[in-house]
Amino acid sequence: MNSIQTRTLSNGMILVHRQVVHTEISHVGIMLDIGSRDENDSEQGLAHFWEHMAFKGTQKKNNIQIINRLEIIGGELNAYTTKEKICFHASVLSPYYERALELLADITFHSTFPQKEIEKERSVILEEMSMYYDSPEDAIQDDFDELLFPNHSLGMNILGTNETVQGFQQSDLLQFIERNMDTSRIVFSSIGKLPHDKVFVWAEKHLGHIQAKKQQVKRLQPIWMIPEKKVVKRGVTQSHVALGRQSYALANPNRMAFFTLINLLGGPGMNSLLNVSVRERHGLVYSIEASFTSYIDSGFWAIYFGTEPNQVNKSIKLIMREFDKLQQKALSLPALQKIKSQLKGQLAMAEEGNLNFMLMMAKNLLDREKIESLDELFLQIDAITSDKLQSLAQEMFVPDQLSYLIFEP
């Protein structure tokens, strides 16, 4: 972590760079603390629309020039939108670092959103929405958000609706950005072999001129949901099931322990409790996963799986059986040490990827105003007890407090 340095520009923008001397690839990104939850009802999908339109023309470049700027030197330019963040990022060979930074600054702060490109991109996004709708594994996760956060922007689909996307105009984008842009809620994040001083000089050159802007953005905290079960008829051959509930926010002291519990229950390891029970022992699913997502003021956990329609109830009973085991008996010390070691390994491997680490630095600085080292995370994991995991299972895995969404043929 000594290789990480941060600075703050006069406009409030935060710079962070991690020097990694043994790589020839640089990863750079601009992350804004703006996401789909900052939209109002008529703006559903507008943050994602902005992500797309940023590539369609700036005051200096047209869309083809933007596309070719990094592609012709073997680099990559990309972006994504979440409920709380928009990020534009690039990966290039180190000699082209400043080119990537200049391009990111240009598309983030100087996009012009040409009307003819809006019309074309509208069609592209409608096709993207159709693609997601045709994939029940993706669609059920988006629709489950709406069930868990009813009448709240956290429950709105990031892509928007057909009606809202059809209506977006240039003025909508400009007004949304004007209302939400806050330079103190923007991080420029970087990883590569270049020294910190050179990176910060270039960052000042390309980002320092951006006018300081401060907004009093107040995000509406979601209310606690009433559990609901919803069955939807879809053109599918399998039944697809989502179940879960609201849970802990980013700053909640239970967050790491609950993340450990969810990892034990249905994390990426093939030895997760649900994979061993529902897939390996009973052969009811191809895959089953549990996930835990935290927001600044809320969160949720969920389990997703697909199975034959006549096996849904049996699969749910097996899940409930695992809940009951976790609630009734605390993990043995060897079992606790195994899940801790597994989680530490997963976190260490995730950190090994420089692109992911660059994005993580930016998100951590926006959400927590600090970057936690692996050693700090490991200390948090080491402090988790079997009694704590059992207590969280008793609090969170209560059957009559869960919501269900089922797609069935």
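Report follows, based on the coordinates. Keep in mind that this is a model prediction, so the values were computed, not measured. Position numbers for residues count from 1 along each chain, tracking the sequence in the order it is written. Where totals are concerned, whole chains, interfaces and linings use all residues; where local detail is concerned, this predicted model gives features only for residues with pLDDT of at least 70, and gives and counts side-chain atom pairs only at 80 or more. For side-chain calculations, the full set of non-hydrogen atoms in the structure is used, while hydrogens and water are omitted.

Observations concerning the sheet that holds strand 3 (residues 25-32)
If you trace the six strands from one edge of the open sheet to the other, you get 1-2-6-3-5-4, paired in mixed fashion. Of all strands in the sheet, those bounded by a partner on one side alone are strand 1 (4-8) and strand 4 (76-81). Adjacent strand axes in the sheet meet at a mean angle of 15° when their direction is disregarded. At least two bridges found by DSSP between two strands are what make those strands a pair. Only runs of H or I of at least four residues qualify as helices and only runs of E of at least two qualify as strands under DSSP, and these elements are numbered from the N terminus. Here six bridges tie strand 4 to strand 5 (residues 86-93), and the two strands are oriented antiparallel to one another. Within the sheet, the bridge partner assigned to Tyr80 lies in strand 5 and is Cys87. Residue contacts are defined here by distance: any two heavy atoms, one from each residue, within 4.5 Å place the two residues in contact. Axes, fitted as lines to C-alpha atoms, cover a helix only where it is in contact. Angles between the N-to-C directions of the axes lie from 0 to 180 degrees. Lying on the sheet, helix 3 (residues 97-109) is in contact with strand 3, strand 4, strand 5 and strand 6 (186-192); it crosses strand 3 at an angle near 15°. Lying over the sheet, helix 13 (residues 354-368) contacts strand 1, strand 2 (14-19), strand 3, strand 4, strand 5 and strand 6, oriented at roughly 150° with respect to strand 6.

A closer look at the pattern of salt bridges
Any two side chains of opposite charge can pair if their charged atoms end up close together. Put simply, a salt bridge is a Lys or Arg side-chain nitrogen that is within 4 Å of an Asp or Glu carboxyl oxygen. Inspection of the entire model under this criterion finds 25 salt bridges. A salt bridge links Asp33 to Arg185, with the shortest nitrogen-to-oxygen separation between them at 3.5 Å. In this pair, Asp33 sits in the loop between strand 3 and helix 1 (46-53) while Arg185 sits in the loop between helix 7 (170-180) and strand 6, placing the two residues 152 residues apart along the sequence. Partly exposed residues are those whose accessible area sits between 20% and 50% of the maximum for their type, while under 20% is buried and over 50% is exposed, using a 1.4 Å probe and protein chains only. Overall, Asp33 belongs to the buried group, its relative accessible area being 10%. Here Arg37 ties to Glu84 by a salt bridge, and the two come within 2.8 Å at their closest N and O atoms. A residue pair is termed long-range when its members are at least 10 positions apart, and Arg37 in the loop between strand 3 and helix 1 and Glu84 in the loop between strand 4 and strand 5 qualify at 47 residues. Taking relative accessible area as the criterion, Glu84 reaches 4% and is therefore assigned buried.

Section: the environment of Leu374
As for its position among the elements, Leu374 is in helix 14 (residues 374-382). Its relative accessible area of 17% is what places Leu374 among the buried residues. Considered as a pair, Leu374 and Lys344 are 30 residues apart in the sequence and their alpha carbons are 8.4 Å apart. Other than its neighbours up to four places away in sequence, Leu374 contacts Leu347, Ala348 and Glu351.

Topic: the packing of helix 2 (residues 63-71) against helix 3
Packed helices, taken two at a time, are described by the angle between their axes plus the distance between the axes. Relative orientation of the contacting elements helix 2 and helix 3 amounts to 155°, with a least axis distance of 10 Å. With respect to each other, helix 2 and helix 3 are oriented roughly antiparallel. Between helix 2 and helix 3 lies a crossing whose hand is left-handed. Of the residues in helix 3, those in contact with Ile66, Arg69 and Leu70 of helix 2 are Arg99, Ala100, Glu102, Leu103 and Ile107. Reported orientations rely on four angle classes, namely roughly parallel under 35 degrees, roughly antiparallel over 145, roughly perpendicular from 65 to 115, and oblique for the rest. The handedness criterion is simple: a crossing whose near helix is rotated anticlockwise from the far helix by less than a right angle is left-handed, and one whose near helix is rotated clockwise is right-handed.

Let's talk about the sheet that holds strand 8 (residues 239-246)
Ordered in space as 7-11-8-10-9, the five strands form an open sheet in which the pairing is mixed. Either end of the sheet is taken by a strand with one partner, and the two such strands are strand 7 (229-233) and strand 9 (288-294). Within the sheet, the average angular offset between the axes of one strand and its neighbour, ignoring direction, is 15°. As paired elements, strand 8 and strand 11 (residues 403-408) share five bridges and run antiparallel to each other. Across the sheet, Ala242 pairs through a bridge with Leu405, a residue of strand 11. Each of strand 8, strand 9, strand 10 (299-307) and strand 11 is contacted by helix 11 (residues 312-328), which is oriented at about 140° to strand 10, the strand it contacts most.

Side note on helix 4 (residues 115-133)
The end-to-end C-alpha distance of helix 4 is 27 Å, a good match for the 27 Å that 19 residues give at a rise of 1.5 Å each. Of all the positions in helix 4, only Glu117, Ile118, Glu121, Arg122, Ile125, Leu126, Glu128 and Met129 are classed as buried. The inward-facing, buried residues of helix 4 abut helix 1, helix 2, helix 6 (162-167) and helix 7. Expected span of a helix: the number of residues minus one, times 1.5 Å.

What to know about helix 15 (residues 386-396)
Those residues of helix 15 that fall on the buried side of the exposure criterion are Ser386, Leu389, Gln390, Leu392, Ala393 and Met396. Mapping the buried residues of helix 15 onto a view down its axis gives an arc of 160°, with all of them on the same face. Tucked into the core, helix 15 has its buried residues touching strand 8, helix 9 (255-266), strand 10, helix 11 and helix 12 (333-352). It is the directions from the helix axis to the C-beta atoms that the arc portrays.

Remarks on the nonpolar core
Ranked by internal contacts, the top residues of the largest apolar core, which has 52 residues, are Trp50, Phe88, Phe188 and Leu207. Definition used in this section: a nonpolar core is a set of buried Ala, Val, Leu, Ile, Met, Phe, Trp, Tyr and Cys residues joined via side-chain atoms within 4.5 Å. Membership of the second largest hydrophobic core comes to 43 residues, among which are Ala257, Val285, Ile316 and Ile384.

Focus: unusual backbone geometry
Of note in the backbone geometry, Asn151 takes a positive phi value of approximately 55° without being a glycine. Structurally, the position occupied by Asn151 is in the loop between helix 5 (136-148) and helix 6. Here Asn151 falls in the exposed class, since its relative accessible area comes to 85%. Unusually for a residue other than glycine, Glu369 sits at a positive phi of about 60°. Following the sequence through the fold, Glu369 ends up in the loop between helix 13 and helix 14.

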